[in-house]
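Chains, contacts and geometry: an overview
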Amino acid sequence: MIWIAASYLAIAACAVRILLRPNRTPESRVAWLAVLFALPGVGVLAYLLLGETNIGVKRTDRVRKVTRGLTRPETLEGWRAAKTDSRAKSLFEVGQSITGYLPVGGNKAQLMADSDAAINRMVADVDAAEHHIHLLFYIWLTDHNGMKMVEAMKRAAGRGVTVRAMVDDLGSRDMVKSQAWKDMQAAGVKVGRALPIGNPLLRILGGRIDLRNHRKILVIDNKVTYCGSQNCADPEFLPKAKYAPWVDAVMRFEGSVVRQNQHLFAADWMANVDDDISSVLAEPLNPIGDGFTAQVVASGPTVRAFAMPEMFVSCMYAARERLVITTPYYVPNGMVQGAIVAASQRGVDTSLILPKKNDDFAVGATAKSYYSQLLKAGVRVYEYRPGLLHTKSMTIDEDITLIGSANMDRRSFDLNYENNILFHDQDLTAEMFARQTEYVADSDEVTIEQVNAWPATTRLWNNALAVLGPIL
């Protein structure tokens with residue numbers, strides 16, 4: 001009787017917490033309650049392990065303390081003020097409300113041709129570094145491209161450059177355990193692990209294990225930075241080779257926005273490693289010429305709730321003529337799905353490009369559950385054939401682009417630390433749109449007739465997994 005009473009008490013306590021927890025959408029509450037009451041024992045355990053967006057009180061306090069103590073890029077003399085129109089200005093204001101970074105002018109950038117070209121250019125910049133190199137990847141593999149970066153970092157440290165390399169402790173667990181990691185340390189590279197797991201049983205007591213640092217950042221000499229979807233790995237991506245190639249988009253930036261990525265790296269580094277690098281943020285800015293306006297938009301579990309979906313939705317509502325979205329993982333909340341549908345219904349030429357074969361079966365099926373509503377609203381849905389389309393990008397009309405690490409799924413919305421860059425430039429947006437057009441050329445367009453012809457079992461499967469979308 002005592003055990004029965006205890007189990008009912010545990011279920012009731014979880015149910016109350018689900019209903020009272022702040023910053024939870026109604027669909028998320030319903031999904032968790034369904035799991036809790038359908039599978040009481042499993043539901044309680046699942047909620048205790050995965051129900052709270054919490055990296056731990058100590059870690060949260062450290063992140064916020066570090067961030068408050070760092071020099072803000074816009075306080076330095078010499079940064080270039082933004083020049084933009086009112087529509088783009090409103091989007092930059094949303095971005096500023098998330099991480100606090102101002103839109104800054106004087107930027108230029110290049111879209112890398114492909115994954116191998118991106119790594120080769122990064123390695124060339126590392127080899128040209130004179131003062132410091134700061135690198136952060138969610139996944140860093142010991143494959144061909146991964147080892148090219150390892151060797152470049154070792155060469156840089158050997159010639160006296162200060163080199164700091166950090167990886168997510170879960171996403172890059174094989175690298176952390178590898179000889180390459182030890183060799184970098186022996187060569188003088190300072191290494192760090194973001195959100196270290198340690199003992200999994202003890203780690204659970206200090207917050208969720210699956211809250212990860214999903215960012216991809218490289219900053220060199222306060223002059224150059226990179227932003228995009230690519231991890232430090234070959235496009236063949238051996239851990240999931242049957243879905244290869246991984247198709248990514250990466251941009252190389254110069255200008256005022258570099259300091260914002262530097263600030264973001266410093267905050268992540270000092271939150272995880274006992275190494276104060278705040279002095280690098282106080283160095284004088286390099287001379288900044290003319291260029292477009294850009295802004296780092298970074299989100300995570302210690303940033304305000306709903307930050308990333310609000311950025312996505314604001315961009316969607318800003319579109320007047322054309323909206324093109326690429327994402328590998330589409331598990332939207334109501335506001336994101338509604339914004340895409342609304343864009344098409346008000347006459348915007350709206351396209352959504354997803355991989356035809358997803359490496360996460362549940363996410364792939366969930367995405368398909370939204371096809372019918374999208375297609376009926378006039379959204380053009382494409383499924384990319386050649387590999388796993390991993391690019392996270394959005395082009396708005398002919399002049400605004402958002403590119404980075406954030407997916408349109410609940411992990412990027414609530415759980416992962418992400419970094420993106422929003423910019424206002426017609427020429428570079430045209431390049432990104434051209435890349436998206438290449439994706440469309442290698443895709444199958446989904447029609448409403450095809451969706452209507454799916455058997456009942458397929459629709460049942462897709463919709464059942466979509467019910468769990470808020471907790472995926």
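Cut-offs applied
Residues numbered from 1 in each chain as written. Predicted model: local features only at pLDDT ≥ 70, side-chain atom pairs only at ≥ 80, totals over all residues. Heavy atoms only, no water. Buried < 20%, exposed > 50% of the residue type's maximum accessible area, 1.4 Å probe, protein only. Helix = DSSP H or I, 4+ residues; strand = E, 2+ residues; numbered from the N terminus. Pairing = 2+ DSSP bridges. 1 Å grid on protein atoms, 1.4 Å probe; cavity = no way out; pocket = protein on both sides within 12 Å on 5 of 7 lines; lining within 4 Å. Points joined across faces, edges and corners; volume = space filled by probe spheres on them. Expected span 1.5 Å × (residues − 1). Arc of directions from axis to C-beta. Polar contact = N/O pair within 3.5 Å; in protein donor to acceptor, adjacent residues only side chain to side chain. Domains from an automatic or database assignment. Contact = heavy atoms within 4.5 Å. Buried area = accessible area lost by both parts, 1.4 Å probe. Salt bridge = Lys/Arg side-chain N within 4 Å of Asp/Glu carboxyl O. Nonpolar A, V, L, I, M, F, W, Y, C, P; charged D, E, K, R; others polar.

1. Overview of the pairing of strand S9 (residues 292-299)
Counting buried positions along S9 yields eight of eight residues, so the element is predominantly enclosed. In the sheet, strand S1 (residues 104-111) pairs with S9 via two bridges, with the strands oriented antiparallel. Bridge assignment links Val104 to a residue of S9, and that residue is Ala294. In the sheet, S9 pairs with strand S16 (residues 418-424) via seven bridges, with the strands oriented antiparallel. Bridge assignment links Gln295 to a residue of S16, and that residue is Leu422.

2. Concerning empty space enclosed by the protein
Enumeration according to the criterion identifies five cavities of 30 Å³ or more in this entry. Estimated volume of the largest cavity: approximately 70 Å³. Contributing to the lining of the largest cavity are 13 residues, with Phe312, Thr326, Lys392, Ser393 and Ala406 lying nearest its centre. At the level of elements, strand S10 (322-326), strand S14 (393-396) and strand S15 (400-404) are the ones that each hand at least two residues to the lining of the largest cavity. Top contributing element to the lining of the largest cavity by residue count: S15, with three residues.

3. Topic: helix H17 (residues 426-441)
Taking 1.5 Å per residue as the helical rise, H17 with its 16 residues ought to reach 22 Å, and the 22 Å between its terminal C-alpha atoms agrees with that figure. The complete set of buried residues in H17 reads Leu428, Thr429, Met432, Arg435, Gln436 and Tyr439. Angular distribution of buried residues about the axis of H17 spans 120°; they occupy a single face of the element. Among the exposed residues of H17, those oriented more than 90 degrees off its buried face are Asp427 and Ala441. Of the residues that open H17, the one with a side-chain oxygen 3.4 Å from the backbone nitrogen of Asp427 is Asp425.

4. Regarding the domain arrangement of the chain
Taken domain by domain, the chain comprises domain 1 (1-51), domain 2 (57-90 + 102-292) and domain 3 (307-471). Facing the five residues of domain 1 at the interface are seven residues of domain 3. Summing both sides of the interface, domain 1 and domain 3 together bury roughly 460 Å²; the carbon and sulfur share of this comes to 72%. Broken down residue by residue, the surface that domain 1 buries against domain 3 is led by Glu27, Ala31 and Trp32, which jointly contribute 64%. Counting across the interface, domain 1 meets domain 3 through zero salt bridges. In this assembly, domain 1 and domain 3 are joined by zero residue pairs in polar contact (both at pLDDT 80 or more). Taken together, the residues that form the side of domain 1 that touches domain 3 break down as three nonpolar, one polar and one charged.

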